[in-house]
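Okay, here's what each chain looks like letter by letter:
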Amino acid sequence: MSHFLIFLSAFLVNNILLMRFLGLCPYFGVSKKIDTAMGMSMAVFFVMLLASWITFFIYRYLLVPFDLIFLRTATFILVIASLVQFIELFLKKNVPTLYQALGIYLPLITTNCAILGTTFLIIDYNYTLVQATLFSIGTALGFALALLLMAGMREQIDLSPVPAAFKGAPIAFITASLTSLAFLGFSGLLGLSI
């Protein structure tokens with residue numbers, strides 16, 4: 001598969017949130033305001049890209065040669081948790097308002113299955129380092145796109161007359177399902193369905 005198709009597939013066709021349904025916790029939790037959604041998107045981008053690189057090398061040059069593949073999940077989670085701890089300390093010191101706005105969802109990046117799923121998919125698809133990088137960037141940007149779209153829609157919905165029974169989580173789930181259906185339209189794009 002060409003590099004552009006790998007990126008496009010990760011970004012739109014197989015969007016990690018809207019088509020694979022991974023990482024839904026921060027999707028619903030942080031998508032109330034565009035500012036916090038942007039901050040979470042940047043944090044996920046950073047962690048996803050670095051985690052993909054680090055786990056790529058650990059898997060290829062440590063786990064496989066020493067026949068320790070059974071430690072893949074634990075090792076990958078440890079790498080992701082370390083990166084999240086780093087970004088949490090960075091934000092707490094340098095951007096305290098964003099740190100406060102992200103709240104509990106920042107440490108939850110550790111258990112964000114979108115990041116763990118991306119690292120697994122890179123290994124499962126047997127990508128090279130360049131392909132893994134493009135896949136990670138596409139996945140992170142797809143995550144950001146979905147999160148920012150949802151945040152924008154939720155800000156508009158808050159200004160709209162929504163029946164009381166649908167306020168809050170119900171309208172958020174309806175909006176997410178309609179957005180997911182819209183992204184389903186990309187499934188035939190260039191014959192990309194992984």
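Everything here concerns the structure above.
Residues numbered from 1 in each chain as written. Predicted model: local features only at pLDDT ≥ 70, side-chain atom pairs only at ≥ 80, totals over all residues. Heavy atoms only, no water.

Q: Go over the packing of aromatic side chains, please, and point to the residues and values.
A: Taken as a whole and judged by the stated rule, the model has 11 aromatic pairs. Seen from their ring centres, phenylalanine 28 and phenylalanine 173 are 4.5 Å apart, and the 55° between their planes marks the pair as tilted. Taken together, the positions of phenylalanine 28 in helix H2 (residues 24–29) and phenylalanine 173 in helix H8 (residues 169–184) put the pair 145 residues apart, joining distant regions of the chain. With relative accessibility at 19%, the residue phenylalanine 28 sits in the buried group. Summarising the aromatic geometry, the rings of phenylalanine 56 and phenylalanine 57 are spaced 5.4 Å apart at their centres and angled 90° between planes, so their arrangement reads as edge-to-face. Looking at phenylalanine 57, the relative accessible area reads 39%, which means it is partly exposed. What links up through ring pairs into an aromatic cluster is the set Tyr27, Phe28 and Phe173. For the cation-ring pair, arginine 72 lies above phenylalanine 120, with the distance from its terminal atom to the ring centre recorded as 4.2 Å. (Phe/Tyr/Trp six-rings, centres within 6.5 Å; stacked < 30°, edge-to-face > 60°. Helix = DSSP H or I, 4+ residues; strand = E, 2+ residues; numbered from the N terminus. Buried < 20%, exposed > 50% of the residue type's maximum accessible area, 1.4 Å probe, protein only. Lys NZ or Arg CZ within 6 Å of the ring centre and 35° of its normal.)

Q: Would you mind going over the nonpolar core in detail, with residue names and values included?
A: Counting residues in each nonpolar core, the largest one holds 45 residues, and the members touching the most others are Tyr27, Met40, Val47, Leu106, Ile109, Ile115 and Phe143. By residue number, the principal contributor to this core is helix H3 (residues 34–63), which donates 10 residues. Core analysis: the second largest hydrophobic core is formed by 8 residues, Ile6, Leu121, Tyr127 and Ala132 among them. (Core = buried A, V, L, I, M, F, W, Y, C linked by side-chain atoms within 4.5 Å.)

Q: Residues and numbers for helix H1 (residues 3–13), please.
A: The set of residues buried in H1 consists of Ile6, Leu8, Ser9, Ala10, Phe11, Leu12 and Val13. Where H1 is buried, its residues meet helix H7 (129–158) and H8. (Contact = heavy atoms within 4.5 Å.)

Q: For the pattern of salt bridges, give the residues involved together with the corresponding values.
A: On inspection of all chains with the given rule, the structure shows 1 salt bridge. The salt bridge partner of aspartate 124 is arginine 72, with a shortest N-O separation of 3.3 Å. Of this pair, aspartate 124 sits in helix H6 (residues 113–124) while arginine 72 sits in helix H4 (residues 72–94), and the two are 52 residues apart along the sequence. Under the relative-accessibility criterion, arginine 72 is labelled buried at 18%. (Salt bridge = Lys/Arg side-chain N within 4 Å of Asp/Glu carboxyl O.)

Q: Go over the state of the cysteines, please, and point to the residues and values.
A: Here the structure, examined in full by the defined rule, presents 0 disulfides. Cysteine 25 takes part in no disulfide bond, and the closest cysteine sulfur to it belongs to cysteine 113, at a distance of 8.8 Å. On the accessibility criterion, cysteine 25 (43% relative accessible area) is partly exposed. For cysteine 113, a relative accessible area of 34% gives the class partly exposed. (Disulfide = S-S within 2.5 Å.)

Q: Can you tell me about the environment of glutamine 100, naming the residues and giving the values?
A: With respect to the secondary-structure elements, glutamine 100 resides in helix H5 (residues 96–102). Note on glutamine 100: relative accessible area 61%, which makes it exposed. Separated by 64 residues in sequence, glutamine 100 and threonine 36 have C-alpha atoms that sit 9.6 Å apart.

Q: Which residues make up the environment of leucine 189, and what values do they have?
A: Within the secondary structure layout, leucine 189 lies in the segment after H8. C-alpha of leucine 189 to C-alpha of valine 13: the two residues are 176 residues apart in sequence and 7.1 Å apart in space. Apart from residues lying up to four places away in sequence, leucine 189 is in contact with Leu8 and Val13.

Q: So what about the packing of H3 against H7? Which residues, and what values?
A: Where H3 contacts H7, the axes come no closer than 9 Å and their chain directions differ by 165°. One element, H3, and the other, H7, form an angle in the roughly antiparallel class. The crossing of H3 and H7 is right-handed. (Axes fitted to C-alpha atoms, helices over the stretch in contact; angles between N-to-C directions. Parallel < 35°, antiparallel > 145°, perpendicular 65-115°, else oblique. Left-handed = near helix turned anticlockwise from the far one by under 90°.)

Function cannot be inferred from these measures alone, as they are strictly geometric.
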